[in-house]
Amino acid sequence: MRIIPSDGAAAGSADGGFHRQIINYRPMASIAAALIIGVYLGDIMLGAQAAWPAYLFLLLTFAALILKRPRAALFFIAIAVGMLRVTLFFSLPQIEYSGSLTGRVADQPYLERGRLMVTLEGAALEGAPVRGRVLLELSGRAPPPRYGDAVSVEAEVATPEYEWGSAYSQRRFLLSKGIAYTARGQPGFTAEPGPNDWYGLCVLIRQSISEKIDEIFPKNSGFINGILLGDKTGMEADTLEAFQATGVYHVLALSGLHAGILGGALLFLLRRAKPVISLAFIALFFMVYSAVAAFPASLIRAGLMMCVMAGAKALGRRYDMFSALSLAAVLILLWSPYQLFSAGFILSFSAVAGLAFLYRPLADKLNRLPRPLSSGVSVSLAATLGSFPFVCRYFGRASVWSLPLNLIIVPLAPVIMIASASALILSLTWPAAGSALAWCVDYLVSIAQYPVTAFASLPGALTIPSPSLPVCLVYLLGLFFLSPYFLRAPRLKARMSGLCALLCAVLYTVGLLV
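All figures in this text were calculated on a predicted structure; none of them were measured in a lab. (Residues numbered from 1 in each chain as written. Predicted model: local features only at pLDDT ≥ 70, side-chain atom pairs only at ≥ 80, totals over all residues. Heavy atoms only, no water.)

Caption draft 1: Quick peek at the packing of helix α17 (residues 469-482) against helix α18 (residues 490-513). For the pair α17 and α18, the least separation of the axes is 8 Å and the interaxial angle reads 170°. One element, α17, and the other, α18, form an angle in the roughly antiparallel class. For the pair formed by α17 and α18, the contact residues are P470, V471, V474, Y475, L477, G478, F481 and L482 on the first element and K493, A494, M496, S497, C500, L503, C504, L507 and Y508 on the second. (Axes fitted to C-alpha atoms, helices over the stretch in contact; angles between N-to-C directions. Helix = DSSP H or I, 4+ residues; strand = E, 2+ residues; numbered from the N terminus. Parallel < 35°, antiparallel > 145°, perpendicular 65-115°, else oblique. Contact = heavy atoms within 4.5 Å.)

Caption draft 2: How the structure looks around the packing of aromatic side chains. For the structure shown, the criterion picks out 18 aromatic pairs. A ring pair is formed by W52 and Y55, whose centres lie 5.6 Å apart and whose planes are at 80°; its orientation type is edge-to-face. Here Y55 and W52 lie together in helix α3 (residues 51-66), a separation of three residues that amounts to about one turn. Judged by relative accessible area, Y55 falls into the partly exposed class, the value being 40%. Here the guanidinium or amino end of R71 rests over the ring plane of Y25, the centre of that ring lying 3.8 Å away. Over the ring of F341 we find R172, and its NZ or CZ is 4.3 Å from the ring centre. (Phe/Tyr/Trp six-rings, centres within 6.5 Å; stacked < 30°, edge-to-face > 60°. Buried < 20%, exposed > 50% of the residue type's maximum accessible area, 1.4 Å probe, protein only. Lys NZ or Arg CZ within 6 Å of the ring centre and 35° of its normal.)

Caption draft 3: Fine view of unusual backbone geometry. The phi angle at K68 is positive, at roughly 60°, despite the residue not being glycine. As for its position among the elements, K68 is in the loop between α3 and α4 (70-90). For K68, a relative accessible area of 70% translates into the label exposed. The phi torsion at E126 lies on the positive side, around 55°, for a residue other than glycine.

Caption draft 4: Structural view of the side chain of S290. Note that S290 resides in helix α10 (residues 275-292). Looking at S290, its side chain comes within polar contact range of the main-chain oxygen of F286, at 2.7 Å. In contact with S290, other than residues within four places in its own chain, are F295, P296, L299 and I300. (Polar contact = N/O pair within 3.5 Å; in protein donor to acceptor, adjacent residues only side chain to side chain.)

Caption draft 5: Geometry of the pairing of strand β1 (residues 96-105). Of all ten residues in β1, seven are buried, a share of seventy percent or more. Judged from the nine bridges that link them, β1 and strand β6 (residues 150-158) form a sheet pairing that is antiparallel. Bridging across to β6, L101 finds its partner in V153. Sheet topology note: the β1/strand β3 (residues 115-125) ladder contains four bridges and is antiparallel. When the sheet's bridge partners are listed, R104 is paired in β3 with E121. (Pairing = 2+ DSSP bridges.)

Caption draft 6: The arrangement of helix α16 (residues 431-456) in detail. Between its first and last C-alpha atoms α16 spans 37 Å; for 26 residues at 1.5 Å apiece the expected length is 38 Å, and the two agree. Where α16 is concerned, the buried positions are A433, G434, A438, V441, D442, V445, A448, Q449, P451 and V452. (Expected span 1.5 Å × (residues − 1).)

Caption draft 7: Just a nonpolar patch on the surface, in detail. On the surface, a cluster of nonpolar side chains totalling about 650 Å² of accessible area is made up of L499, L502, L503, V506, L507, V510 and V514. Relative to the elements of secondary structure, L507 occurs in helix α18. You can call L507 partly exposed: its relative accessible area is 30%. (Patch = residues over 30% accessible without salt bridge, like charges linked within 9 Å, V, L, I, M, F, W, Y side chains within 5 Å. Areas by Shrake-Rupley, 256 points an atom, 1.4 Å probe, with all protein chains shown as cover. Salt bridge = Lys/Arg side-chain N within 4 Å of Asp/Glu carboxyl O.)

Caption draft 8: Here's a closer look at the nonpolar core. Counting residues in hydrophobic clusters, the biggest one holds 55 residues, and the most contacted among them are L340, F345, F349 and F357. By residue number, the principal contributor to this core is helix α13 (residues 343-365), which donates eleven residues. Each residue touching L340, except ones within four places of it in the same chain, is listed here: I36, V39, Y40, L333, F345 and I346. (Core = buried A, V, L, I, M, F, W, Y, C linked by side-chain atoms within 4.5 Å.)

Caption draft 9: Summary view of the confidence of the model for the protein chain. Per-residue confidence for the protein chain gives a mean pLDDT of 83; residues scoring 70 or more make up 90%. Per-residue pLDDT, averaged within each element of the protein chain, yields its smallest value for helix α1 (residues 17-20) (51) and its largest for α17 (94). Across residues 1-19, where pLDDT falls below 50, the model places 47 contacts with residues more than four positions away in sequence or in other chains. (pLDDT = per-residue confidence, 0-100.)

Caption draft 10: A look at the pattern of salt bridges. Across all of its chains, the model carries nine salt bridges by this definition. One salt bridge in this structure joins D320 and R26, with 2.7 Å as the shortest N-O distance. In this pair, D320 is assigned in the loop between α11 (297-315) and α12 (321-335) and R26 in the loop between α1 and α2 (27-44), connecting sequence segments 294 residues apart. You can call R26 buried: its relative accessible area is 3%. R206 serves as the salt-bridge partner of D107, at 3.4 Å between the closest nitrogen and oxygen. Linking D107 in the loop between β1 and β2 (110-112) with R206 in helix α6 (residues 198-216), this pair joins segments that are 99 residues apart in sequence. R206 sits in the buried class, given a relative accessible area of 10%. Members of the salt-bridge network, linked through shared partners, are R104, E121, R133 and D197.

Caption draft 11: Highlighting the packing of helix α7 (residues 221-229) against helix α15 (residues 402-429). Where α7 contacts α15, the axes come no closer than 10 Å and their chain directions differ by 100°. By the criterion of interaxial angle, the relationship of α7 to α15 is roughly perpendicular. Facing α7, whose interface residues are F223, I224, I227 and L228, α15 presents I416, M417, S420, A421 and L424. A breakdown of the residues in the contact of α7 with α15 according to their chemical character gives eight nonpolar, one polar and no charged. (Nonpolar A, V, L, I, M, F, W, Y, C, P; charged D, E, K, R; others polar.)

Below, the structure written as structure tokens:
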């Protein structure tokens, strides 16, 4: 992977290099785009039928190599890999069954709409093994089993239906979590303690941290659990609705923003250490943090990008955000291709893509403002514009208050996150100091929540019919034309971006009429 200046300076020269090369080529970005195409095509073809088209792309790869077109070969083979990776999920048998279900609890159970949701691995139906995990739904009044317990229950097991043309598909969502089947349990089940493992230790650590947060942050434990562990179950429904309606819901999630804050703080503490040591500490920190937080895609993405940043420094190379983002996407999709259809994955990556495309142009336009202000506005606006169509696609609404609230909330997030983590650590060694710092954090959280709830009561949240995927992709293409990666004059950049905006409007209107 090439790591070169993100402003495209290395791609051209004063003698007209920009006129010979249209885009600032990134091999890793090309691989990521092709892999995404392959996964999407494989899903459309229902996986099992995707094998033969994948072999066709392999033939195109060999043809490109013969013709000495390495970039085309790289693109074609990545498409083939994406399609073949999806076939593994669709090779699972279809199941409609009612009877005895057994399995081992694979993650911490949780409540959803008053029902207890339990993920089982190593499941069996009447003793016959089942490939893939099973999401078991039990009565919310039942005492929840623990991670590692062996569960036995009478249940109805089924394969989730495939949904076409919808922004949200339950089957895709479950497959992104490695779950192949759903089950509805009958009243009464048995659970016997099973052997523990390394992930069970992570679950216990997460539970202990959550209980400590509830203890020292009694007023805002739900908010702190959200930004530190990604667990929003303790927050009131009205507060969650206010954050979602005003477009600042991402602050409550364990997003790349929060991970970047902690990673940046760690890099600052290690600024005098050798680059290799910094890389080792960053990698270890994000491995442990991801395991404790149950491996959310946004945290994995942020961890990989921070590791690339530290690795670039260790190798004496320049860091390029777009290449790092593309590498993170490739690794995550190879590990779990159906993450591509997860809202968390899409929103996280589109926001960072907006930063990669628009941060430098916006910062240049706002260079007359004080640097902290111009940087904050550029970051908030770039991330908001990058994720805007996907927010509309998944949530069906947008808020005119999103940008001003982000300018208020986002600067507070680093302070709240680092202070709350420090309060947790202090509470273990110096309880009085930890409690004092926790009181300050509670006050800051109240300050952050006040404008959100105030603006949520004002008109400005617009209900928007979900845009189609082509509209979202053309929109991102328009942002790309404005970025430093498109090596053309500013006037041509504006025209190309304007054409994309017009095409988005046409496609969106057609989608509403059809």
